Amino acid sequence: MISFSTTQIVDYLKSKDPAIHHFLLEKADRYRQENRGRAVYFRGLIEYSNICSQNCFYCGLRRDNLFIKRYHLDREEIISLAMEAHNNGYQSICLQSGQVSSSKEIDLVAEVVATIKELSGKKGQGLGITLSLGELSYQQYQQLWNAGAHRYLLRIETSNPVLFQKIHPPEQSFSRRLECLQALREIGYQVGTGVMIGFPGQSYEDLAYDLQFFREKDIDMLGMGPYIPHPDVPLADEKKEYISDVFGTSIKMLALARIMMPDINMVASTALQSIHPDGLKMGLKAGANIVMPILTPEKNRQDYMLYANKKHSAFETLQQDIKAAGYEPTLWQWGDSPHYFKRKREQAKGE
Ligand code: SF4
């Protein structure tokens, strides 16, 4: 495993030299092929609710954004979308929503997860279920794990506590986010986190610390994407931008992450695909091995805008684009993070 100093990472990120860009991509692709092969796994993304109790300054779903129509798919609709995905070859789905931590909501999600596991389990190992529902209590994470979910995505957004506080209201804290990541790990989830790249106030040094944070926290999955402003949120008015080439920096961040953490799963984010026509291809070349096609019903998609101009590619198009980039779209496999199994083995040895 390769380590870089903060200064080295900053130099790589700031560099405009095409040779550095090429060097990082070539190394990342080699590491990815040695550790994860050419396979690209799918996580069908079902954004089942855009209702959120939180007020993050950068997000279109924030509680105080009155310009969106709120929705919540009903139980049957979520299960039917999951089963349709399963019939089409998906082995994993991701259920995502704004943060709602009432016991009624968590009971509903737990019941939906258990039902999907039972129905899909009739054919082989069934669907792998990733959740992305924000900060919940330890007991609620445990309840969802017991229901059958086994991966959880909770982005830290920035590893700099001061910056974190600048992009979140006072009632949301960095330490609480860390506690949640720790709880997920203790319960046994494959834990994913990530950051936005290029938002106002963020420096290249912050990004270097982010990469070191992921390594230090021994994460299993990573989801990073360029920051894309949403017009109806407070951060849209903030102009202090230090990162000049957000797309190029995002690609280099992915490449450095793959070099520093060769056996994790890493997403080629929708945000990356939304800001550049070659976003998917470049993301894969930089070491990403997961894509998350959006399965949310057409009628609701425009209301799940975390940021502006979110792109949607059809499943078939994605598969063609993956092949064209030189990788293998891989259906009927969970494609879990090998890093997770490695750390579990090491943990068992230490006990
Ligand atoms: S980032 Fe998540 S928790 Fe924050 S406002 Fe958006 S949906 Fe809610």
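Everything discussed here concerns the structure shown above.
Below: a short report on this structure. All values reported here derive from a predicted model rather than from experimental measurement.

Each helix and strand in the protein was counted, giving 14 helices and 12 strands. Taken across its 351 residues, the protein has 60% of its residues classed as buried. Taking the contacts inside the protein whose residues are at least 6 apart along the sequence as the reference set, 78% of them involve residues at least 24 apart. Approximately 14400 Å² of the protein is accessible, and the part contributed by carbon and sulfur atoms is 53%. With 41 positive and 41 negative side-chain charges, the protein shows a separation of 3 Å between the mean positions of the two kinds.

Further remarks concern the nonpolar core. Among the nonpolar cores identified, the biggest contains 102 residues, and Ile46, Leu95, Leu131 and Tyr141 are the most heavily contacted of them. For this core, the leading source of residues is helix H9 (residues 246-260), giving 10 residues. Setting aside residues up to four positions removed in sequence, Tyr141 forms contacts with Gly134, Glu135, Leu136, Tyr152, Leu154, Cys180, Ala183, Leu184, Ile187 and Tyr189. In terms of nonpolar packing, the next biggest core, distinct from the first, is built from 10 residues, Tyr41, Leu45, Ile290 and Ile294 among them.

The next thing to look at is the packing of helix H3 (residues 75-87) against helix H4 (residues 103-120). Between H3 and H4, whose axes approach to 10 Å, the crossing angle comes to 35°. Where H3 crosses over H4, the handedness of that crossing is right-handed. Contact with H3, carried on its side by Arg75, Ile78, Ile79, Ala82, Met83 and His86, involves Leu108, Glu111, Val112, Thr115, Ile116, Leu119 and Ser120 of H4 and no other residues of that element. Residues of the contact of H3 with H4, tallied by class, amount to 8 nonpolar, 3 polar and 2 charged.

As a structural note, the neighbourhood of the ligand is formed by Cys52, Gln54, Cys56, Tyr58, Cys59, Leu61, Arg62 and Gly98. For the shell around the ligand, the class distribution of residues is 5 nonpolar, 2 polar and 1 charged.

Attention now moves to the pairing of strand E4 (residues 128-132). Within E4, 5 of the 5 residues are buried, leaving the element largely enclosed by the surrounding structure. In E4, alternate side chains face the same way, and those of Gly128, Thr130 and Ser132 on one face and Ile129 and Leu131 on the other are all buried. Alignment of strand E3 (residues 92-97) against E4, held across 5 bridges, turns out to be parallel. Bridging from a neighbouring strand, Gln96 pairs with Ser132 of E4.

Okay, unusual backbone geometry next. Keep in mind that most residues, glycine aside, have a negative phi and that most peptide bonds are trans. Phi angles above zero are rare outside glycine, and Glu157 is one such case at about 70°. Note that Glu157 resides in the loop between strand E5 (151-153) and helix H6 (161-166). Positive phi, normally seen in glycine, also occurs at Trp332, with a value near 60°. Relative to the helices and strands, Trp332 resides in the loop between strand E12 (328-330) and helix H14 (338-350).

As a further point, take the environment of Phe247. With respect to the helices, strands and loops of the structure, Phe247 is situated in helix H9. When the C-alpha positions of Phe247 and Met83 are compared, they lie 35 Å apart, and in sequence the two are 164 residues distant. Setting aside its immediate chain neighbours within four residues, Phe247 contacts Leu272, Ile275, His276, Asp278, Gly279 and Met282.

The subject of this paragraph is the pattern of salt bridges. Across all of its chains, the model carries 15 salt bridges by this definition. Ionic pairing is found between Asp64 and Arg63, a salt bridge with its closest N-O pair at 3.7 Å. For Asp64, a relative accessible area of 45% gives the class partly exposed. The exposure class of Arg63 is partly exposed, given its relative accessible area of 40%. A salt bridge links Glu298 to Arg301; the nearest nitrogen and oxygen atoms lie 3.2 Å apart. Taken together, the positions of Glu298 and Arg301, both in helix H12 (residues 298-301) and 3 residues apart, correspond to about one turn of that helix. On the accessibility criterion, Arg301 (18% relative accessible area) is buried. One network of salt bridges, in which partners are shared, links Glu26, Arg30 and Glu34.

Tracing the backbone through its elements, the reader meets Gln202 in the loop between strand E7 (196-197) and helix H8 (204-216). Under the relative-accessibility criterion, Gln202 is labelled buried at 0%. Here the side chain of Gln202 touches Met196 through a polar contact of 2.9 Å, landing on its backbone oxygen. A polar atom in the side chain of Gln202 sits 2.5 Å from the backbone nitrogen of Gly198. Among residues more than four places away in sequence, those in contact with Gln202 are Leu163, Met196, Ile197, Leu207, Asp210, Tyr242 and Ile243.

The next thing to look at is the sheet that holds strand E2 (residues 44-49). One open sheet holds the 7 strands; their spatial order is E2-E3-E4-E5-E6-E8-E10, and the pairing between them is parallel. Edge positions in the open sheet fall to E2 and strand E10 (265-266), since each of these has one partner strand only.

Moving on, we get to the side chain of Arg32. Topologically, Arg32 is positioned in helix H2 (residues 18-36). Buried and unpaired, Arg32 has no salt bridge, with Asp29 as the nearest side chain of opposite charge at 4.5 Å. Reaching out from Arg32, the side chain makes a polar contact with the backbone oxygen of Gly37 at a distance of 3.0 Å. Excluding residues within four positions of it along the chain, Arg32 makes contact with Gly37, Arg38, Ala39, Val40, Arg258, Leu284, Gly287, Ala288, Asn289 and Tyr327.

Conventions and cut-offs
Residue numbering note: each chain is counted from 1, following its sequence as written. It should be noted that, the model being predicted, local features are given only for residues of pLDDT at least 70 and side-chain atom pairs only at 80 or more, the latter also being counted only at that level, while totals for whole chains, interfaces and linings use all residues. Water and hydrogen atoms were dropped before computing side-chain values, which therefore reflect all heavy atoms in the structure. For helices the rule is a DSSP run of H or I covering at least 4 residues; for strands it is a run of E covering at least 2, with both sets numbered from the N terminus onward. Using a 1.4 Å probe on the protein chains alone, a residue whose accessible area is under 20% of its type maximum counts as buried, one over 50% counts as exposed, and one in between counts as partly exposed. Note on contacts: a residue pair is in contact if any heavy atoms of the two residues lie within 4.5 Å. Only the protein chains shown count as cover for residues, and all accessible areas are computed by the Shrake-Rupley method using a 1.4 Å probe. We count Lys and Arg on the positive side and Asp and Glu on the negative side, and we leave His and both chain ends out. Charge positions are represented by NZ for Lys, CZ for Arg, CG for Asp and CD for Glu. Only buried Ala, Val, Leu, Ile, Met, Phe, Trp, Tyr and Cys residues count toward a nonpolar core, and they belong to the same one when joined by side-chain atoms within 4.5 Å. Orientation is described by axes fitted as lines to C-alpha atoms, over the contacting stretch for helices, and by angles from 0 to 180 degrees between their N-to-C directions. In this scheme the handedness of a crossing depends on how the near helix is turned from the far one: anticlockwise by less than a right angle means left-handed, clockwise means right-handed. Basically, the charged four are Asp, Glu, Lys and Arg, the nonpolar ten are Ala, Val, Leu, Ile, Met, Phe, Trp, Tyr, Cys and Pro, and anything else, Gly included, counts as polar. It suffices for a single heavy atom of a residue to lie within 4 Å of a molecule or strand for the residue to be listed as near it. Whether two strands pair comes down to DSSP finding at least two bridges between them. A side-chain nitrogen of Lys or Arg and a carboxyl oxygen of Asp or Glu constitute a salt bridge if their distance falls within 4 Å. N or O atoms closer than or at 3.5 Å make up a polar contact, with two conditions inside protein: a donor-capable atom paired with an acceptor-capable one, and, for residues adjacent in sequence, both atoms drawn from side chains.

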